[in-house]
Amino acid sequence: MLAVADLKKSFLSPEGGRVEIVRVPAFTLAAGGQQALRGESGSGKTTFLHLIAGILAADAGRVEIDGAEMTALSEPKRDRLRAEKLGYIFQTFNLLQGYTVLENVVLGMSFGPGADRPRARELLGRVGLGHRLDHFPHQLSTGQQQRVAVARALANRPKLVLADEPTGNLDRKHARESLALIREVCRENGAALLLVSHDEATLAEFEGVRDFKEINSAAG
Amino acid sequence: MTLPLLIYRSLRQHALSTIVTAGSIALACGLLMCVWMVKTQSQAAFTQTTAGFDAVLGARGSKLQLVLNAIFHLEASPGNLPYADYEMIKRHPAMKTAIPIAVGDNLRGYRLVGTVPELFESVEYAPGKKYALEPGGRVFAPDAKEAVAGSFAAERLGLKTGDTFHPFHGLAFDEKNQHAETYTVTGVLKPTNTPVDRVIWIPLKGLQTMSGHDPKAATDVSAVLLQLRAPTAGFMLDMMYNKQGNRLTFAYPVGAIIAELFQKISWFDRVLALVAYLVALVAAGSVLASIYNSMSARRRDLAILRALGAKRRTIFGAVVAEAACIGALGAAAGFAVYFALFAGVARIIRTQTGVVLDVFAPHPVLWICPLAMIALCALGGMVPAFKAYRTPVAETLAPVS
């Protein structure tokens, strides 16, 4: 499902030199699999996810998602692949504040296979927000906003869901509930899940958690 | 669905700047349309307003002043001409109709013009259109102290058939200069949408012999309105009166003389048009500035959309389309501005000259201007759109781990 090989990314440092943030010789995730990566802040986890999602262009290496080589595609094709095969749950949810709950989900779909309002409603119902479709994000609690983000990430029936510290902004009780929901909905939709976090309580919910340091050999 | 939603929500989110910007575009668009329409319509109306006459004969002086005085009932008369000159030109074989007029009095600012009943009986003021009176009215008798009121003057002065009035001396109203004669209104003309509507017509003799007027000029006329049998006669008479003679002025053709006036004041048109173009440019610039300034606040939203799979060109298109929508909103509101401005200007022109401008008259500028404004706004939107196009997704979404 996801295969990463010799992936490298470095950034220009303020001093003028280049700092390597990601160097991942190999990483794979099977279809429908769920993998958690443990990593401290600044370890390059988010950059790694951005490279997988094609939001950032890699300096070298390859990322293959469901048979398509993301790193070899032009930017418009990467955008298309991201819209069709990837779901992304951000730590800060990144909901569009000026759009309703339903529009946030539908808009995410419209860049991929196309807007499907019944499916968006169904998913929002599934995450317990069927009665909040016309609300705006600022009218929701943090936990509810996170559930919108989950529904949006899964709306396009993605093959892979990337979750970046998805419980980072939630209290313990809501974090646990939210995580269970993400895993369950991914399972129901047959999506693989790659989650990165530094929160031990979150990681404790997963089996076979890997340290990001193990797979990322970048010096920076 | 995506693009309309993106545009709609963005406009809603920035409702205040949307309204202010659209308002400035509405002003620009309305002003441009108004300047253009007033210019073209008034030029057409004035050059076509001949009251059905081809030429005017009057005292030696400016042709333009003669036409303005005799046809538009503006300006002072350049002087009088003896009745014999009227009789002579009336008998000229090239002459179809010759109508004498005399001016010099008013009724509360509205001109009294002395003429002959033939004006209302045989002259077509526009092709196929003769003067008609409102029901119950009749033309004045040539020797009676009677009057026929133009529709606009009657409306403003509240005159109706059977009413009486005392004229005032001079072309400008001065209540101390009231004549002793009493005139009776015998009819009110139906609207002609020409300067005739602003005039109160009385018998020629009545004006010539009004108390207080110079008895030596009791047979003089102010001008003679002429219909020619053939245009060639106009050039012949022009030669006779203007080049060979030095006592009278033959103003021919009437439309061309007014067109000359517009040519003389065309610089004013150009200044107005330039101001309107500048206003349009400033309005388009305000769209640019308004959207550009909101870009910082929108960066995160744009990055989120890109992260969700929106292509750069989708984002670029959405911002350009948003600018075009602001332009379209402004252009739509511009019609309200146009109608209001035009109605005001048309009212002033009608009051001052009797010429009627039609606010609903179709003209290409009424679709060219709004479309050009929308295009200009879209063009202005390209600058912020390019900024949006270049939004760095990962950097804007700021890695937090």
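Note that the coordinates shown come from a computational prediction; the quantities given were computed from them, not determined experimentally.

1. Topic: the overall build of chain A
- Counting secondary structure elements, chain A contains 8 helices and 9 strands.
- The C-alpha atoms of chain A give a radius of gyration of 17 Å, which matches the 17 Å a tight globule of 220 residues would have.
- For chain A, the spread of C-alpha atoms along the principal axes amounts to about 50 × 40 × 35 Å.
- Relative to its full complement of 220 residues, chain A shows a buried share of 54%.
- Intrachain contacts of chain A at a sequence separation of at least 6 include 72% that bridge at least 24 residues.

2. Concerning the sheet that holds strand β5 (residues 68–69) of chain A
Residues and elements named next belong to chain A.
- In spatial order, the strands read β2-β1-β4-β5; together these 4 strands make up an open sheet with antiparallel pairing. Since the sheet does not close on itself, it has two edges, and those belong to β2 (18–29) and β5, each with one partner.
- As judged from the 2 bridges shared by strand β4 (residues 60–65) and β5, these two strands associate in the antiparallel manner. Counted as the bridge partner of Glu 64 is Glu 69 from β5.

3. Details of the domain arrangement of chain B
Residues and elements named next belong to chain B.
- By the assigned domains, chain B splits into domain 1 (2–46 + 265–393) and domain 2 (55–252).
- Placing the centre of domain 1 and that of domain 2 at their C-alpha centroids yields a distance of 48 Å.
- Tallying the contact residues gives 9 residues for domain 1 and 9 residues for domain 2.
- Buried surface at the junction of domain 1 and domain 2, both sides included, amounts to about 830 Å², of which 54% is carbon and sulfur.
- Contact with domain 2 buries area across many residues of domain 1, yet Arg 350, Thr 351 and Thr 353 alone supply 49% of it, more than any other trio.
- Inspection of the region where domain 1 meets domain 2 yields 0 salt bridges.
- Joining domain 1 to domain 2, the criterion identifies 2 residue pairs in polar contact (both at pLDDT 80 or more).
- It is helix α11 (residues 312–353) that provides the largest number of residues to the side of domain 1 that touches domain 2, a total of 5 residues.
- Split by residue class, the side of domain 1 that touches domain 2 holds 3 nonpolar, 4 polar and 2 charged.

4. As for helix α1 (residues 2–13) of chain B
- An ideal rise of 1.5 Å per residue puts 16 Å on 12 residues; α1(B) measures up with 16 Å between its terminal C-alpha atoms.
- If you check which residues of α1(B) are buried, you get B:Thr2, B:Leu5, B:Leu6, B:Ile7, B:Arg9, B:Ser10 and B:Leu11.

5. As for the packing of helix α3 (residues 101–110) of chain A against helix α5 (residues 142–154) of chain A
All names here are of chain A.
- Between α3 and α5, the least distance of the axes is 8 Å, while the angle of their chain directions is 25°. Relative to α5, α3 is oriented roughly parallel. Crossing geometry of α3 relative to α5 is assigned as right-handed. For the pair formed by α3 and α5, the contact residues are Val 101, Asn 104 and Val 105 on the first element and Val 148, Ala 151 and Arg 152 on the second.

6. Here we look at helix α2 (residues 75–85) of chain A
- When α2(A) is considered as a whole, its buried residues turn out to be A:Arg78, A:Asp79, A:Leu81, A:Arg82 and A:Ala83.
- Residues of α2(A) that are buried in the fold lie against α1 (45–53), β5 and β6 (86–89) of chain A together with α10 (266–307) and α11 of chain B.

7. Quick look at the interface of chain A and chain B
- Contact with chain A, which involves 36 residues of that partner, is made by 24 residues of chain B.
- Taking both partners together, chain A and chain B bury about 2,600 Å²; carbon and sulfur atoms supply 62% of that area.
- Across the contact surface, chain A and chain B share 9 residue pairs in polar contact (both at pLDDT 80 or more).
- Counting only elements with at least two residues in the side of chain A that touches chain B, the list comes to α1, α2 and α3 of chain A.

8. Examining the packing of aromatic side chains
- A complete count under the given rule lists 22 aromatic pairs over all chains for this structure.
- Summarising the aromatic geometry, the rings of A:Tyr88 and A:Phe90 are spaced 4.3 Å apart at their centres and angled 10° between planes, so their arrangement reads as stacked. With respect to class, A:Tyr88 is no different from A:Phe90; both count as buried.
- Here B:Phe46 and B:Phe72 contribute two aromatic rings whose centre-to-centre distance is 5.2 Å and whose plane-to-plane angle is 25°, an arrangement assigned as stacked. Taken together, the residues B:Phe46 in helix α2 (residues 15–48) and B:Phe72 in the loop between α3 (63–70) and α4 (83–91) connect sequence positions 26 residues apart. Grouping residues by exposure puts B:Phe46 and B:Phe72 together as buried.
- Each residue in the set B:Phe120, B:Tyr125, B:Tyr131, B:Phe140 and B:Trp201 is aromatic and connected to the rest through ring pairs, giving one cluster.
- Over the ring of B:Tyr389 we find B:Arg312, and its NZ or CZ is 5.6 Å from the ring centre.
- Geometry around B:Tyr292 places B:Lys387 over its ring, the cationic atom sitting 4.3 Å from the centre.

Criteria and thresholds
Residues numbered from 1 in each chain as written. Chains lettered and ligands numbered in written order. Predicted model: local features only at pLDDT ≥ 70, side-chain atom pairs only at ≥ 80, totals over all residues. Heavy atoms only, no water. Helix = DSSP H or I, 4+ residues; strand = E, 2+ residues; numbered from the N terminus. Rg over C-alpha atoms; globule rule 2.2 N^0.38 Å. Buried < 20%, exposed > 50% of the residue type's maximum accessible area, 1.4 Å probe, protein only. Contact = heavy atoms within 4.5 Å. Pairing = 2+ DSSP bridges. Domains from an automatic or database assignment. Buried area = accessible area lost by both parts, 1.4 Å probe. Salt bridge = Lys/Arg side-chain N within 4 Å of Asp/Glu carboxyl O. Polar contact = N/O pair within 3.5 Å; in protein donor to acceptor, adjacent residues only side chain to side chain. Nonpolar A, V, L, I, M, F, W, Y, C, P; charged D, E, K, R; others polar. Expected span 1.5 Å × (residues − 1). Axes fitted to C-alpha atoms, helices over the stretch in contact; angles between N-to-C directions. Parallel < 35°, antiparallel > 145°, perpendicular 65-115°, else oblique. Left-handed = near helix turned anticlockwise from the far one by under 90°. Phe/Tyr/Trp six-rings, centres within 6.5 Å; stacked < 30°, edge-to-face > 60°. Lys NZ or Arg CZ within 6 Å of the ring centre and 35° of its normal.

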